[in-house]
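What follows is each chain in one-letter form.
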Amino acid sequence: MATTAISSNALALNTRSGDLVALGTVATTPADGWVITPGTQVRALLLVFEADGTGDTVTITAGDNPPSLLANAGALSVVLAASDVRAIIIETARFMQSDGTIVATCVDAGTRCYAYKLPAGIAGGSGVS
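These lines cover the structure that appears in this document, whether it is placed above or below. The model shown is predicted, which means the values in this text are computed figures rather than measured ones.

**Re the nonpolar core**
Here is step 1 of the chain: Counting 21 residues, the largest nonpolar core has Trp-34, Ile-36, Leu-47, Phe-49, Ile-60 and Ile-102 as its most contacted members.
Here is step 2 of the chain: When residues of this core are traced back to their parent elements, those giving at least two are β4 (34–36), β5 (44–50), β6 (56–60), β7 (76–80), β9 (102–106) and β10 (112–117).
Here is step 3 of the chain: Formed by six residues, the second largest nonpolar core is a distinct cluster that contains Ala-44, Val-48, Tyr-116 and Leu-118.

Here it is, written out as structure tokens:
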């Protein structure tokens, strides 16, 4: 599998984020997508997808059970129009793979993915950096 590894960046309350433009990553092979390693204490991730001028459909792969206790809820698709930017907060309990990663795939080679760990108390965020 030629997945593109991306880091999940920790967000903090009342603190300016890092440079968002520099954090986005295009998948080397769209069908293999991105692999994100959020860490064991992270309950939720904010994923942002930015499509190029042709639009795209991104699929966040259902997890393995175990560790994903909600894997039977299935994969999740996000449709992007041309030059669209969409965000989704996902619960890691649904999408965690047995190797501790989250996998998202896409159709178009121009889509960028950004991943953020949420602060403690925000949608189940852990506050773990």
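So that's the structure; there's more coming.
**With respect to the pairing of β10**
The side chains of a regular strand alternate between both faces of the sheet.
Here is step 1 of the chain: Most of β10 sits out of view: five of its six residues are buried.
Here is step 2 of the chain: Pairing of strand β2 (residues 9–10) with β10 involves two bridges; the strand directions are parallel. The residue bridging Ala-10 from the neighbouring strand is Lys-117, located in β10.
Here is step 3 of the chain: Where strand β3 (residues 25–26) lies against β10, two bridges are found, and the strand directions are antiparallel.

**Regarding the pattern of salt bridges**
Here is step 1 of the chain: Considering all chains together, one arrives at one salt bridge under this definition.
Here is step 2 of the chain: The residue Arg-86 makes a salt bridge to Asp-84 at a minimum N-O spacing of 3.1 Å.
Here is step 3 of the chain: By relative accessible area, Arg-86 is classed as partly exposed at 44%.

**As for the environment of Ile-6**
Here is step 1 of the chain: Summarising the element assignment, Ile-6 is placed in strand β1 (residues 4–6).
Here is step 2 of the chain: Sequence-wise, Ile-6 and Ala-27 are 21 residues apart; in three dimensions their C-alpha atoms are separated by 9.3 Å.
Here is step 3 of the chain: Dropping the residues within four chain positions of it, Ile-6 is found in contact with Thr-25, Trp-34, Val-35, Ile-36, Thr-37, Cys-113 and Ala-115.

**A few points about the environment of Ile-122**
Here is step 1 of the chain: Among the structural elements, Ile-122 can be located in the segment after β10.
Here is step 2 of the chain: By relative accessible area, which is 34% here, Ile-122 ends up partly exposed.
Here is step 3 of the chain: Through-space distance from the C-alpha of Ile-122 to that of Leu-13 is 9.3 Å; in sequence the pair is 109 residues apart.

What counts and how
Residues numbered from 1 in each chain as written. Predicted model: local features only at pLDDT ≥ 70, side-chain atom pairs only at ≥ 80, totals over all residues. Heavy atoms only, no water. Core = buried A, V, L, I, M, F, W, Y, C linked by side-chain atoms within 4.5 Å. Buried < 20%, exposed > 50% of the residue type's maximum accessible area, 1.4 Å probe, protein only. Helix = DSSP H or I, 4+ residues; strand = E, 2+ residues; numbered from the N terminus. Pairing = 2+ DSSP bridges. Salt bridge = Lys/Arg side-chain N within 4 Å of Asp/Glu carboxyl O. Contact = heavy atoms within 4.5 Å.

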